[in-house]
Amino acid sequence: NAGVTQTPKFQVLKTGQSMTLQCAQDMNHEYMSWYRQDPGMGLRLIHYSVGAGITDQGEVPNGYNVSRSTTEDFPLRLLSAAPSQTSVYFCASSINPKAGSPLHFGNGTRLTVT
Amino acid sequence: GENVEQHPSTLSVQEGDSAVIKCTYSDSASNYFPWYKQELGKGPQLIIDIRSNVGEKKDQRIAVTLNKTAKHFSLHITETQPEDSAVYFCAATSPSAGNKLTFGGGTRVLVKP
């Protein structure tokens, strides 16, 4: 049982490049989400999904796309990277957020955009 | 939407002393308040949580208290140890915000031996 797995751990992009951050969970959780972590700003929600085929925007969705074709996977796409997207990105999953169930986080992807 | 503020942003304590982190929230409908610990290079991990129908919860050396009237909740760590050094986040979930977790800005705790 690996929990939430994120790849890659580190990535450097040039402005304008695109890439996909991968996230997979093996806990059969319906809810998955992406956060970015910036110094002093805590964790801010980018996008989330309550099940396969369903996605919605969080607090800071601009510049990011997501899809949820399977229960296990929830990739985050940067279409045209900008320096403002330099951050640490965390994927998290939960059984059922409506019941106040805890989030399980991956170990993050540290992204630098030059 | 929900707004969560966390204080202090950094906290330095001597080993064996207590540490207290405080959070306030804005949405009176919030009903779930977890605390996460993040060690260097890792993702946050849940350490304790409390629901709005409970005023206090303890788990060994950590405890959380909730004051719904004042809309604030606190994390208490007693007999701190070097392994308690980490970044701690509070969070709140509100049904009116689609049950999405809103996080505080984090507190970096350093326990000095």
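What counts, and where the lines are drawn
Starting afresh in each chain, residues are numbered from 1 along the sequence in its written order. For this description, chains carry letters from A and ligands carry numbers from 1, given in the order in which they are written. Only residues with pLDDT of 70 or above have their local features reported here, since the model is predicted, and side-chain atom pairs are shown and tallied only from 80 upward, although totals for entire chains, interfaces and linings are computed over all residues. Side-chain descriptors were evaluated using all non-hydrogen atoms of the structure, hydrogens and water having been removed beforehand. A pairing counts as a salt bridge when a side-chain nitrogen of Lys or Arg comes within 4 Å of a carboxyl oxygen of Asp or Glu. Per-residue accessibility, obtained with a 1.4 Å probe over protein chains only, is compared with the maximum for each type, and a residue is labelled buried under 20%, exposed over 50%, and partly exposed between these values. By convention a nonpolar core is built from buried Ala, Val, Leu, Ile, Met, Phe, Trp, Tyr and Cys residues, the set being connected through side-chain atoms within 4.5 Å. Note on conventions: DSSP H or I runs of at least 4 residues are helices, E runs of at least 2 residues are strands, and numbering of each starts at the N terminus. Contacts: residue pairs with any heavy atoms within 4.5 Å of one another. Any two rings among Phe, Tyr and Trp, with Trp reduced to its six-membered ring, count as a pair given centres within 6.5 Å; such a pair is stacked if its planes are under 30 degrees apart, edge-to-face if over 60, and tilted if neither. Here, a charge over a ring means that NZ of Lys or CZ of Arg falls within 6 Å of the ring centre while also lying within 35 degrees of the ring normal. At least two DSSP bridges between two strands are needed for those strands to be called paired. Axis geometry follows a simple rule: fit a line to the C-alpha atoms, using only the stretch in contact for helices, then measure angles between N-to-C directions, giving values from 0 to 180 degrees.

> I tried to follow the pattern of salt bridges on my own but got confused; where do I start?
Side-chain pairs of opposite charge can arise where the charged atoms are in close proximity. All names here are of chain A. Inspection of every chain in the model, using the stated rule, returns 5 salt bridges over all chains. Here aspartate 38 makes a salt bridge to arginine 44, at a shortest N to O gap of 2.8 Å. Here the two residues aspartate 38 and arginine 44 agree in accessibility, since each one is buried. Taken together, the shared-partner salt bridges connect Arg36, Asp38 and Arg44 into one network.

> What is the right way to look at the nonpolar core in this model?
Within soluble globular proteins, side chains that are nonpolar tend to cluster in buried spots. The biggest cluster of nonpolar side chains holds 23 residues, and the ones touching the most others in it are Ile21, Tyr25, Phe33, Trp35, Phe73, Leu75 and Tyr88 of chain B. Contributions of two or more residues to this core are made by β2 (10–14), β3 (19–25), β4 (32–38), β5 (45–51), β7 (62–67), β8 (72–77), β9 (86–93) and β11 (107–112) of chain B. Excluding anything up to four places from it in sequence, leucine 75 of chain B contacts Ala19, Val20, Ile21, Trp35, Ile47, Ile48, Ala63 and Tyr88 of chain B. In terms of nonpolar packing, the next biggest core, distinct from the first, is built from 18 residues, Cys23, Tyr89, Cys91 and Val113 of chain A among them.

> Any chance you could explain the packing of aromatic side chains here in plain terms?
Aromatic rings in a pair are described by how distant their centres are and how their planes are angled relative to each other. Under the definition given, this model contains 13 aromatic pairs over all chains. Measuring from ring centre to ring centre gives 5.6 Å for phenylalanine 105 of chain A and tyrosine 36 of chain B, while their planes differ by 85°; the resulting arrangement is edge-to-face. Here phenylalanine 105 of chain A is found in strand β10 (residues 104–105), whereas its partner tyrosine 36 of chain B is found in strand β4 on a different chain. The pair formed by phenylalanine 105 of chain A and tyrosine 36 of chain B is uniform in burial state, with each residue classed as buried. Accessibility expressed as a relative area gives 0% for tyrosine 36 of chain B, which makes it buried. Site record: aromatic cluster; members linked through ring pairs are Tyr35, Phe90 and Phe105 of chain A together with Tyr36, Phe89 and Phe103 of chain B. Positioned over the ring face of phenylalanine 74 of chain A is arginine 68 of chain A, at 6.0 Å from the centre of the ring.

> Sorry, what's going on with the sheet that holds β3 of chain B here?
Hydrogen bonds along the backbone pair up the strands of a sheet, which may run parallel or antiparallel. Residue and element names in this part refer to chain B. Spatially, 5 strands are ordered β1-β3-β8-β7-β6 in an open sheet, and the strand pairing comes out antiparallel. Two strands bound the open sheet, and with one partner strand each, they are β1 (4–7) and β6 (56–59). Between one strand and the next, the sheet's axes are offset by a mean angle of 15°, whatever the strand orientation. In terms of strand pairing, β7 meets β8 through 6 bridges, oriented antiparallel. Looking across to β8, one finds that asparagine 67 is bridged to histidine 72.

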